[in-house]
Amino acid sequence: MKAMILGAGKGTRVQPITHEIPKPMIPLVRKPVMEYLIELLKKHGVDQIMVNTSHLAPIIENYFRDGEQFGVSMAYSYEGYVESGVAISSPVGSAGGMKKIQDFSGFFDETFIVLCGDAWIDLDISKALEIHRKKNAIASVIIREVPNEEVFKYGIVALDEDDRILQFQEKPDPKDAISNLANTGIYIFEPEIFNYIPSGVAYDIGGELFPKLAQENLPFIGINLPFQWLDIGNVQDVWTVTSQILNGEVKGFKMPGREVRPGVHVGINLSVDFDQVNITPPVYIGGSTKIEAGATIVGPAVLGASCVVEAGAVIKNCIVEDYTRLTSQANLEGKIIFGSKCIDPIMDTQVDIAEARLEFMIEDARKLVESEES
């Protein structure tokens with residue numbers, strides 16, 4: 001079977017993380033969220049996957065390449081152009097990205113699945129396909145109930161008694177919402193859908209295609225199945241989802257590494273004496289990380305690979321990127337350390353580590369290596 005993962009967006013609500021990596025590459029306990037999607041698709045027999053890319057496209061393309069190492073075949077549709085030697089991102093919308101691929105090769109010649117690349121899910125795709133075909137739908141949307149106060153984040157649908165979508169609202173004000181049934185960014189389409197998408201223009205699935213399908217009274221249905229849906233819509237979601245995973249609240253999520261103590265998962269090649277450090281689980285520690293005696297780590301927390309945590313450092317409820325050195329003066333709580341930024345996901349604030357002169361407690365661990373070698 002065939003599928004498409006939507007990966008061209010700029011991820012503005014997840015900045016500054018998406019200044020460094022595209023949204024589908026945001027790691028959930030060390031693995032990009034898009035990799036989990038590929039594993040799920042493969043599990044349900046989907047082995048040909050197209051990805052539209054634009055913002056920081058090479059990071060996605062160089063990581064997944066042709067997909068062979070993941071047991072699937074993958075290719076990419078770049079949305080942008082080069083000007084004066086610089087790649088300029090120019091997305092054409094989610095539906096426009098589908099149409100661009102179809103106009104290029106006619107790739108979508110059978111029932112196909114489209115997934116947003118920014119959510120962890122465990123949907124029974126095979127069951128959803130069965131319902132889609134039974135209803136003879138041209139398009140199906142996987143939907144979920146959300147709290148009324150959160151409808152402004154999503155596309156919202158109204159259904160009739162046969163699950164046909166009568167109306168589609170894109171991110172309505174809660175007082176104007178027609179229901180609390182939300183679009184999860186998971187779709188099933190027939191090739192005939194391209195009759196309703198124009199060529200050569202930016203065109204959106206939720207904002208333009210779906211309202212048109214509802215208005216024309218086409219066989220356009222909502223499928224409401226029980227499944228876990230962890231949406232990475234903003235920076236706070238990155239922290240919330242990571243915490244849920246570490247706390248064991250995400251059924252079926254396989255933690256990486258090995259569990260050396262209850263709730264403490266680690267990679268290989270660590271330099272740490274667990275009897276000499278203060279660790280309160282749940283915690284994940286990446287490979288080749290050094291934790292000195294007397295350091296304190298309170299979970300939920302993720303330490304990346306090749307980090308250094310000095311004696312006296314206190315790290316509580318944090319996500320720390322690879323190659324981060326936390327000095328003995330570090331005392332961090334509820335922070336994401338990513339790139340050059342120290343981010344507070346709850347308060348939705350950030351500081352530049354260099355501008356705030358925080359290098360005395362947060363630094364690139366490789367600088368220490370360079371100093372020792374010299």
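Right above here is the structure, for reference.
Reading guide: rules and limits
- Residues numbered from 1 in each chain as written.
- Predicted model: local features only at pLDDT ≥ 70, side-chain atom pairs only at ≥ 80, totals over all residues.
- Heavy atoms only, no water.
- Salt bridge = Lys/Arg side-chain N within 4 Å of Asp/Glu carboxyl O.
- Helix = DSSP H or I, 4+ residues; strand = E, 2+ residues; numbered from the N terminus.
- Buried < 20%, exposed > 50% of the residue type's maximum accessible area, 1.4 Å probe, protein only.
- 1 Å grid on protein atoms, 1.4 Å probe; cavity = no way out; pocket = protein on both sides within 12 Å on 5 of 7 lines; lining within 4 Å.
- Points joined across faces, edges and corners; volume = space filled by probe spheres on them.
- Nonpolar A, V, L, I, M, F, W, Y, C, P; charged D, E, K, R; others polar.
- Core = buried A, V, L, I, M, F, W, Y, C linked by side-chain atoms within 4.5 Å.
- Contact = heavy atoms within 4.5 Å.
- Pairing = 2+ DSSP bridges.

Thoughts on the pattern of salt bridges
Right, on to step 1. The full count for this structure, using the stated rule, is 13 salt bridges.
Right, on to step 2. For the salt bridge of Glu310 with Arg325, the shortest nitrogen-to-oxygen distance reads 2.7 Å. Of this pair, Glu310 sits in the loop between strand 23 (308-309) and strand 24 (314-316) while Arg325 is found in strand 26 (residues 324-326), placing the two residues 15 residues apart along the sequence. The two residues Glu310 and Arg325 agree in class, both being buried.
Right, on to step 3. Taking the shortest distance from any N to any O, the salt bridge between Lys341 and Asp352 comes out at 3.3 Å.

Brief notes about empty space enclosed by the protein
Right, on to step 1. Tallying each qualifying case throughout the model produces two cavities of 30 Å³ or more.
Right, on to step 2. For the largest cavity, the calculated volume is near 40 Å³.
Right, on to step 3. Taken together, Leu37, Leu115, Cys116, Asp118, Ala119, Ile121, Thr184, Gly185, Ile186 and Trp229 make up the lining of the largest cavity.
Right, on to step 4. For the lining of the largest cavity, the secondary-structure elements that each account for two or more residues are strand 8 (112-116), strand 9 (119-121) and strand 13 (181-189).
Right, on to step 5. Per-element tally for the lining of the largest cavity: the top contributor is strand 13, with three residues.
Right, on to step 6. Tallied by class, the residues present in the lining of the largest cavity amount to seven nonpolar, two polar and one charged.
Right, on to step 7. Roughly 30 Å³ of internal volume is contained in the second largest cavity.
Right, on to step 8. If you trace the second largest cavity, you find it lined by Arg13, Lys153, Asp231, Gly233, Asn234 and Asp237.

So, the nonpolar core
Right, on to step 1. If you look at the biggest cluster of nonpolar residues, it comprises 64 residues, and the most contacted ones within it are Ile38, Ile49, Ile121 and Leu123.
Right, on to step 2. The element contributing the most residues to this core is helix 2 (residues 33-43), with seven residues.
Right, on to step 3. Not counting residues up to four positions away in its chain, the partners in contact with Leu123 are Leu40, His44, Ala128, Ile142, Ile186, Leu225 and Phe227.
Right, on to step 4. In this structure, Met50, Met98, Ile138 and Val141 belong to the second largest nonpolar core, which totals 32 residues.

A word on the sheet that holds strand 26
Right, on to step 1. Strand order across the open sheet formed by four strands is 20-23-26-31, with mixed pairing between neighbours. The sheet terminates laterally at strand 20 (290-291) and strand 31 (362-364), the two strands that pair on one side only.
Right, on to step 2. Summarising the sheet, strand 23 and strand 26 pair through two bridges and their orientation is parallel. Looking at the pairing, Val309 lines up with Leu326 of strand 26.

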